Amino acid sequence: MTAGVRRAGWSAKWALALWLAGLIACGLLVTRTPVTADLSAFLPRSPSAAQQLLVDQLRDGVVSRLILVAIEGDAPDRLTGLSRALAARLRGNPLVAAVENGERTGRGADAAYLWTNRYLLSPGVTPDRFTADGLRDALQNDLRLLQSPAGMALKQALPADPTAEILRLTDRILGDTAGPASRDGVWVSPDAARALLLVQTAAAGFDLDAQRKTLKLIRSAFDDAKGTAGTAQLAMTGPAVFSVQTRDRIEADATRSSIIATLLVAGILLLVYRSFRVLALSLLPAATGTLAGIAAVGLGFGMVHGITLGFGVTLLGESVDYAIYLFTRTQAGKPGTTHPSAHLAHAAAGDGDLGRRVRHHAALQLQRSGPSWASFSITGLLVALAVTRWVLPTLLPEGYATERPARLAPLLGSLTRSAPVLRLPLAAATLLSLAWLAYQGSSLWSAELSSLSPVAAADQRLDEVLRRDLGAPDAGHLLVTGATTVEEALAAAERLDAPLNTLIRDRLIAGYDSPAHTLPSQATQRVRQAALPPPDRLRAGLTQALQGLPFRPDAFTPFLADAEKARTMPLLTPASLGGTSLKLKVDSLLVRTGAGWTAMLPLRGVTDPQRLAARLAGTPMAQGAILLNLKEESDSLYRTYRQEALTLAVTGAITITLLLAGALRSLRSLIAAAMPLAAAVVVTMALVTALGQALTIFHLVGLLLVVGVGSNYSLLFERPEPSPSLRERTVASVAIANLCTVIGFGTLAFSGIPVLHGIGMTVAIGAFLCLAFAAVLSRPQPIGPEAPGHG
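Everything quoted here is computed from the prediction, not taken from an experiment. Within each chain, residue numbers correspond to sequence positions counted from 1 in written order. Selection of residues for local features in this predicted model requires a pLDDT of at least 70, selection of side-chain atom pairs for listing and counting requires 80 or more, and totals for whole chains, interfaces and linings are taken over all residues. Heavy atoms from the whole structure form the basis of all side-chain values; hydrogens and water molecules are not counted.

A. Fine view of the overall build of the protein chain. In DSSP terms, a helix is any run of H or I states spanning at least four residues, a strand is any run of E spanning at least two, and both are numbered starting from the N terminus. The helix and strand inventory of the protein chain stands at 31 helices and 13 strands. For every residue, the accessible area (1.4 Å probe, protein chains only) is compared with the maximum for its type, and the residue is labelled buried under 20%, exposed over 50%, or partly exposed between those bounds. Relative to its 791 residues, the protein chain shows a buried fraction of 51%. Counted over contacts in the protein chain with a minimum sequence separation of 6, partners at least 24 positions apart contribute 83%. All accessible areas in this document rest on Shrake-Rupley with a 1.4 Å probe, and a residue is counted as covered only by the protein chains that are shown. If you sum the accessible surface of the protein chain, you get close to 34500 Å²; carbon and sulfur atoms cover 62% of it. In what follows, residue pairs with any heavy atoms lying within 4.5 Å of each other are defined as contacts.

Printed below as a string of structure tokens:
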């Protein structure tokens, strides 16, 4: 006996030592694990090529690095001055790749690029254009233009550009889009109420720490520029701003929900157990499990999502149940029950409520979308179980027993026995809910990706206003083509020019943009260089073309020099765009995707998308290009994810049903256990939609959790107990555990983040209904005589 006690003592010490060592190791891992708000981590694992392109651009594309800045709230002259001062402070900072506010700082470089390389860029450079006849036609056109309002601008460029290539380029690259209004050379809104800037960050969009530093830099630079005078205010929007704000909101919501849930659960446990020591021990499995879950995700995935942290609040409501089962079912003065480890050993063996609960939740998490969520939850639940099994019993006072739950147990048992009288109202409520869901039809489920957006409506409106003020085109449709190399991608984009120009003439589109307009393929550049005649032949053709025209014979000497320079100059490469704002444009339209490159051609003014798609499909030169309707593709991405989540949910529900069948070993008992779950799911869906919400994938995940949680309550009422007192204590423990679960999830229902709100509201309602319906639909269970060893 002494040796057995000694071995038990050593086992307890080893358990405590391993627990403390695990806490230290997990703590170190957590401190080194970054938090992200990148929602693409929860997108389908096998998206289409078009969907993957959208996801990549949102994560790491140029669009994810843009910050739209507005300065407002002061006199227009003051605003433009602040715009210049802010841009000057940001330019040259390593965190900022480019700053545009309309000043000629960047425009001068753009103009120089277009002017110097006009003969390599212009599609009008053909052999016929530089013959005597072609040059004469160009000179005669110049004479007509000189008499027009554009004559002054042409007069300055005419000696070096008689073929007017620069006008063609300006119309093609800069003239097709409506830019922002300007005041004193600085971008402003149409009413001059705000000055506008466009900032491109150096860091990738998913690097939220660097994005946060850049936003802080902009605010600091604005404060320095503003000083103490004036009333101007700074506003920022864009993907980088939204990502940082979303992470901050998720962290704030998770922290707030954790604190509130912890305080409420602690208050309930303190009221039940009347012991601060037991209270601390009750929260110990949840706290340890949460820490271990975060560490597991950080170790396996390199980072933890803020939503996963928010989901940790629900782990509090779940894993605290283990301690509740342990403490509440402990009775004093019973043979074999003086130490609570006897009960937990029975549960962990797989025949008790606790063992089944862990198995069900593990199966549930494996079927849920998001591997990081599964890793977090499974690790957290298993660690919480281990702490409850081996650590808590060693920390409890010898002979500990809870008396207050025993006083509550008879009342709860009486309510449970009376609950079946509500079967008819429950049946009516279920049928009414089914009718309501059928009435909702296709509107029951949200079909738009925007339903998942964590961005506040006010921030979305600001983004729309600033984009409209900046004259950003409506890129609702993209024509996408790709290749292995940059050169091949540019060539593929150039092949689309002819069919797209035809579509413009047929009024199916108003215009389009292409990276090849700013950076032609080298093959095209060589063709244009070859179109330029050698100096002697060009001079002879020009002399012949000038005959009979009112131009001096030596007026076009600069043209001859520039043409020869263009004929022999090095070909343009992406590096040639350095120092220009055109680089930002090309980088946004020519992107690296996987092992290749993708060229994106935004289409403007699409009048008939279906007819446009049919025309492109029947055009040989457009073969291989993909027409994307961005909104439809985004919504398709969401529908794909929803279908994947639905498939996983059905698989998870089947898995839980099989576990129930294995535990109950009776078809009748299985049906009786499944009925409360089905009724709870139906009524929960009806209540959520009656509150004005369309169901999303997050509600679907919540419903699956409802099934996982509720299966334990069904097992409770289908499982016979060896004694009336233990039956009553079991009912009391489950009632307390259910209340803690409702609190843990219920706090998330107040979050402004759709995923946390949807899961929190669904599970809080569903978990309560599962317990209530399980009691209402329960059958009388035979109770055996009071037996030793069953405390």
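So much for the structure itself; the text now carries on.
B. The arrangement of helix α22 (residues 522-531) in detail. Residues of α22 that are buried include every one of Thr524, Gln525, Arg528, Gln529 and Ala531, and no others. Within α22, the buried residues cover an arc of 155° as seen down the axis, which keeps them to one side. Turned more than 90 degrees from where α22 packs its buried face, Val527 and Ala530 sit exposed. Its buried side turned inward, α22 meets α5 (118-121), α19 (486-495) and α24 (557-568). Each direction from the helix axis to a C-beta atom contributes to the arc, which is the arc of those directions.

C. Layout of the nonpolar core. Residue types Ala, Val, Leu, Ile, Met, Phe, Trp, Tyr and Cys, when buried and joined through side-chain atoms within 4.5 Å, form a set referred to as a nonpolar core. Of all hydrophobic cores here, the largest spans 84 residues; its most connected members are Leu269, Ile324, Phe327 and Ile759. Membership of the second largest hydrophobic core comes to 51 residues, among which are Leu479, Leu496, Met569 and Leu616.

D. Seen up close, the packing of helix α10 (residues 239-273) against helix α30 (residues 724-746). To get an axis, a line is fitted to the C-alpha atoms, and for a helix only the part in contact is used. The angle between two axes follows their N-to-C directions and goes from 0 to 180 degrees. Their axes nearest at 9 Å, the elements α10 and α30 cross at an angle of 165°. By the angle class used here, α10 and α30 are roughly antiparallel. Considering only the axes of α10 and α30, their crossing is right-handed. Contacts between α10 and α30 pair Ala261, Leu264, Val265, Ile268, Leu269 and Val272 from the former with Ile736, Leu739, Cys740, Ile743 and Gly744 from the latter. Orientation categories follow fixed angle ranges, with anything under 35 degrees roughly parallel, anything over 145 roughly antiparallel, 65 to 115 roughly perpendicular, and all other angles oblique. Crossing handedness is read from the near helix: turned anticlockwise from the far helix by less than a right angle, it gives a left-handed crossing, and turned clockwise, a right-handed one.

E. Structural view of the pattern of salt bridges. Only one rule defines a salt bridge in this text: a Lys or Arg side-chain nitrogen within 4 Å of an Asp or Glu carboxyl oxygen. Tallied over the full model, the rule gives 16 salt bridges. In this structure, Asp74 and Arg78 form a salt bridge, with 3.7 Å as the shortest nitrogen-oxygen distance. Since its relative accessible area comes to 25%, Asp74 is described here as partly exposed. Arg78 sits in the partly exposed class, given a relative accessible area of 30%. For Arg539, the salt bridge is made with Asp536, and the minimal N-O distance between the two is 3.4 Å.

F. Main features of helix α23 (residues 535-546). For a helix, the expected span equals 1.5 Å multiplied by the residue count minus one. Here α23 spans 16 Å end to end across twelve residues, near enough to the 16 Å set by a 1.5 Å rise per residue. Every buried residue of α23 is listed here: Leu538, Gly541, Leu542, Ala545 and Leu546. The arc that holds every buried residue of α23, seen down its axis, measures 130°, which confines them to one face. Pointing more than 90 degrees away from the buried face of α23 are the exposed residues Asp536 and Arg537.

G. Just unusual backbone geometry, in detail. Here the phi dihedral of Ala164 falls at roughly 60°; this positive angle occurs in a residue that is not glycine. In this fold, Ala164 is placed in the loop between α7 (151-157) and α8 (165-174). Of note in the backbone geometry, Arg507 takes a positive phi value of approximately 65° without being a glycine. Within the secondary structure layout, Arg507 lies in the loop between α20 (497-505) and β10 (511-512).

H. Focus on the packing of aromatic side chains. In this analysis, rings of Phe, Tyr and Trp, with Trp reduced to its six-membered ring, are considered paired at centre separations within 6.5 Å, and the interplanar angle assigns stacked below 30 degrees, edge-to-face beyond 60, and tilted for intermediate values. Tallied over the entire structure, the rule returns five aromatic pairs. Measuring from centroid to centroid gives 5.4 Å for Phe551 and Phe556, while their planes differ by 65°, and the two rings are edge-to-face. For Phe556, a relative accessible area of 2% translates into the label buried. Three or more aromatic residues joined by ring pairs form one cluster here, namely Tyr119, Phe130 and Phe559. To sit over a ring, a charge needs its Lys NZ or Arg CZ within 6 Å of the ring centre and within 35 degrees of the ring normal. The aromatic ring of Trp115 is capped on one face by Arg118, whose charged end is 3.8 Å from the ring centroid.

I. Focus on the environment of Val707. Along the chain, the position of Val707 falls in helix α29 (residues 697-718). Once the C-alpha coordinates of Val707 and Val681 are considered, the two residues, 26 residues apart in sequence, prove to be 7.6 Å apart. Setting aside residues no more than four positions away along its own chain, Val707 makes contact with Ile656, Leu677 and Val681.

J. View of the packing of helix α3 (residues 76-90) against helix α9 (residues 208-226). Between α3 and α9, whose axes approach to 9 Å, the crossing angle comes to 130°. Between α3 and α9, the interaxial angle falls into the category oblique. Seen from above, α3 lies across α9 with right-handed handedness. For the pair formed by α3 and α9, the contact residues are Arg78, Leu82, Ala85, Leu86, Arg89 and Leu90 on the first element and Leu217, Ile218, Ala221, Phe222, Asp224, Ala225 and Lys226 on the second. We call Asp, Glu, Lys and Arg charged. Ala, Val, Leu, Ile, Met, Phe, Trp, Tyr, Cys and Pro are nonpolar, and the rest, Gly among them, are polar. Broken down by class, the residue content of the contact of α3 with α9 amounts to nine nonpolar, no polar and four charged.

K. Representation of the pairing of strand β9 (residues 477-483) in the model. Judged by how many residues are buried, β9 sits mostly within the fold: five of seven residues are covered. Of the pairings in the sheet, the one linking β9 to strand β13 (residues 626-629) comprises four bridges and is antiparallel in character. Its bridge partner being in β13, Leu479 is matched across the sheet by Leu627. At least two bridges found by DSSP between two strands is the condition for calling them paired.

L. Geometry of the side chain of Thr388. As for its position among the elements, Thr388 is in helix α15 (residues 371-395). Owing to a relative accessible area of 0%, Thr388 belongs among the buried residues under this scheme. Think of a polar contact as two N or O atoms within 3.5 Å of one another; within protein, one of them needs to be a possible hydrogen donor and the other a possible acceptor, and neighboring residues in sequence only count if both atoms come from side chains. A polar atom in the side chain of Thr388 sits 2.7 Å from the backbone oxygen of Ala384.

M. Highlighting the environment of Val734. Along the polypeptide, Val734 turns up in helix α30. With 413 residues separating them in the primary sequence, Val734 and Asp321 have C-alpha atoms 7.9 Å apart.

N. Quick peek at the side chain of Thr33. Along the chain, Thr33 turns up in the loop between α1 (2-31) and β1 (35-36). A relative accessible area of 12% means that Thr33 is categorised as buried. Among the polar contacts listed, one links the side chain of Thr33 to the backbone oxygen of Leu29, at a separation of 2.6 Å. With residues up to four places along the chain from it excluded, the contact list for Thr33 reads Gly298, Met303 and Val304.

O. Inspection of a nonpolar patch on the surface at higher detail. A cluster of nonpolar side chains, Leu646, Val650, Ile654 and Leu658, forms an exposed patch at the surface whose accessible area comes to about 360 Å². On the secondary structure map, Ile654 appears in helix α27 (residues 630-664). Patch construction takes residues with relative accessible area above 30% that form no salt bridge. Like charges are linked within 9 Å, and nonpolar side chains (Val, Leu, Ile, Met, Phe, Trp, Tyr) are linked within 5 Å.

P. A look at the environment of Pro724. Within the secondary structure layout, Pro724 lies in helix α30. Sequence separation between Pro724 and Gly413 is 311 residues; the distance between their C-alpha atoms is 9.4 Å.

Q. Representation of the confidence of the model for the protein chain within the structure. Averaged over every residue, the pLDDT of the protein chain is 80; residues scoring 70 or more account for 81%. The pLDDT value expresses, per residue, how confident the predictor is, ranging between 0 and 100. pLDDT under 50 marks residues 784-791. Its contacts with residues more than four places away, or in other chains, come to 22 contacts.

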